[in-house]
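Descriptive structure summary
Residue-level listing of the chains:
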Amino acid sequence: MDILNSPDEMTQWSRRQALSGKSISFVPTMGFFHEGHLRLMRKAKESADLVVVSLFVNPTQFGPNEDLDSYPRNFERDQRLAEAEGVAVLFAPTPDLIYPQGFQTEVVVKELPFHLCGKNRPGHFNGVTTVVTKLFNMVLPQNAVFGEKDFQQLAVIRRMVQDLNIPVEIIGHPIVRESDGLAMSSRNKYLTASNRSSALSLSQSLQLARDSFQQGVSSTAELTEIISAHIGSFVGTEIDYVSFVDCDNLQSVDQVDRRTLLALAVRIDSTVRLIDNGFVVL
Ligand code: AMP
């Protein structure tokens, strides 16, 4: 596995592969790999000749009071894990290479970013769309794999790629969970034993919404009350949002149907912010 830091070297590598007729599948990440990341890499391997994984903790998608400085990092471990997955290149640029002095361009999707996470994380999705566009231009992949764990991110990127005619096929991957249902996340590392059980309130809520709907509750106002009460019954939980939205435009809906996604963001112990989502009707 090659480790590249410079965007120019990355692009030269990709051009060489194109000349020899090899296709590239790309997995953008912020590192601190868990099984969710590894499954995306396996999906990428099935989707092209070569896999490029980027590892970049993108400063522009973190708000001023968010966890940029404390975001978990372990480059050596990530390197070993990516290598074991047969990744061809681990692309790990530094912020000054991605945002050199004088940088002043942003890629902005106008509406989708304002729902769900965008309400409490202003600017977050502009950071994501800008960096993903730059990474696509550096890596020149035929396709890229993103997790449905970040459902809104996936929707925003699909919209951007379509709107800007970016020639990269976007492949979604289902959420990878621990055996008890907790969605895998690099931020789970922050959870102590006691607040880890509170973290289970998220995945349990998805099941509770499905069960309640099966029992005849289809009003999302009622379901929101049921879910909020359930999350509130766990120690140290603070709801950021409980939202029932249309899976395409992410707008709130009043009644559940086949397109309804329940999206959740909950802060545990005022520190760890976790997200999860799932369709109410399976
Ligand atoms: P991150 O390093 O957290 O920015 O995530 C990199 C990619 O992995 C994103 O496309 C995420 O949606 C995806 N991802 C993270 N956790 C999971 C998970 N538990 N299941 C599926 N995809 C995931």
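Residues numbered from 1 in each chain as written. Predicted model: local features only at pLDDT ≥ 70, side-chain atom pairs only at ≥ 80, totals over all residues. Heavy atoms only, no water.

**Looking at the nonpolar core**
Of all hydrophobic cores here, the largest spans 46 residues; its most connected members are Trp 13, Val 52, Phe 91, Phe 136 and Ile 170. The dominant element in this core, judged by the number of residues it contributes, is helix H6 (residues 124-139), at eight residues. Filtering out sequence-adjacent residues up to four positions away, Ile 170 remains in contact with Phe 136, Ala 144, Phe 146, Leu 154, Ile 157, Arg 158 and Val 161. One finds Leu 206, Val 217, Leu 264 and Leu 274 within the second-largest nonpolar core, a separate group that totals 22 residues. (Core = buried A, V, L, I, M, F, W, Y, C linked by side-chain atoms within 4.5 Å. Buried < 20%, exposed > 50% of the residue type's maximum accessible area, 1.4 Å probe, protein only. Helix = DSSP H or I, 4+ residues; strand = E, 2+ residues; numbered from the N terminus. Contact = heavy atoms within 4.5 Å.)

**Overview of the sheet that holds strand E7 (residues 237-246)**
The strand order across the open sheet formed by three strands is E7-E8-E9, and the pairing between neighbours is antiparallel. Because the sheet does not close on itself, it has two edges, and the strands there are E7 and strand E9 (272-279). Each neighbouring strand pair of the sheet contributes to a mean axis angle of 15 degrees, computed without reference to strand direction. Bridge analysis of strand E8 (residues 260-268) against E9 gives eight bridges, and the strand direction is antiparallel. Following the sheet pairing, Leu 261 is matched in E9 by Phe 279. This element, helix H9 (residues 220-232), spans E7 and E8 of the sheet and lies at about 155 degrees to E7. (Pairing = 2+ DSSP bridges. Axes fitted to C-alpha atoms, helices over the stretch in contact; angles between N-to-C directions.)

**Here's the deal with the environment of Ser 233**
Looking at the element boundaries, Ser 233 is found in the loop between H9 and E7. It is 14 Å that separates the C-alpha atoms of Ser 233 and Arg 267, two residues lying 34 residues apart in sequence. Within polar-contact distance, the side chain of Ser 233 engages the backbone oxygen of His 230 at 2.6 Å. (Polar contact = N/O pair within 3.5 Å; in protein donor to acceptor, adjacent residues only side chain to side chain.)

**Quick word on the sheet that holds strand E4 (residues 89-91)**
The parallel open sheet is built from six strands, whose spatial order is E1-E4-E3-E2-E5-E6. Single-partner strands in this sheet number two, and they are strand E1 (2-4) and strand E6 (169-173). Mean inter-strand twist for the sheet, computed between neighbouring axes without regard to direction, equals 25 degrees. For strand E2 (residues 24-29) and strand E5 (residues 143-147), the ladder comprises two bridges, and the chain directions are parallel. The partner of Ser 25 across the bridge, within E5, is Asn 143. The strands that H6 touches are E2, strand E3 (50-55), E4, E5 and E6; relative to E2, the one it contacts most, it runs at about 145 degrees. Most of the contacts of helix H7 (residues 151-163) go to E6, to which it runs at about 165 degrees, and overall it touches E5 and E6.

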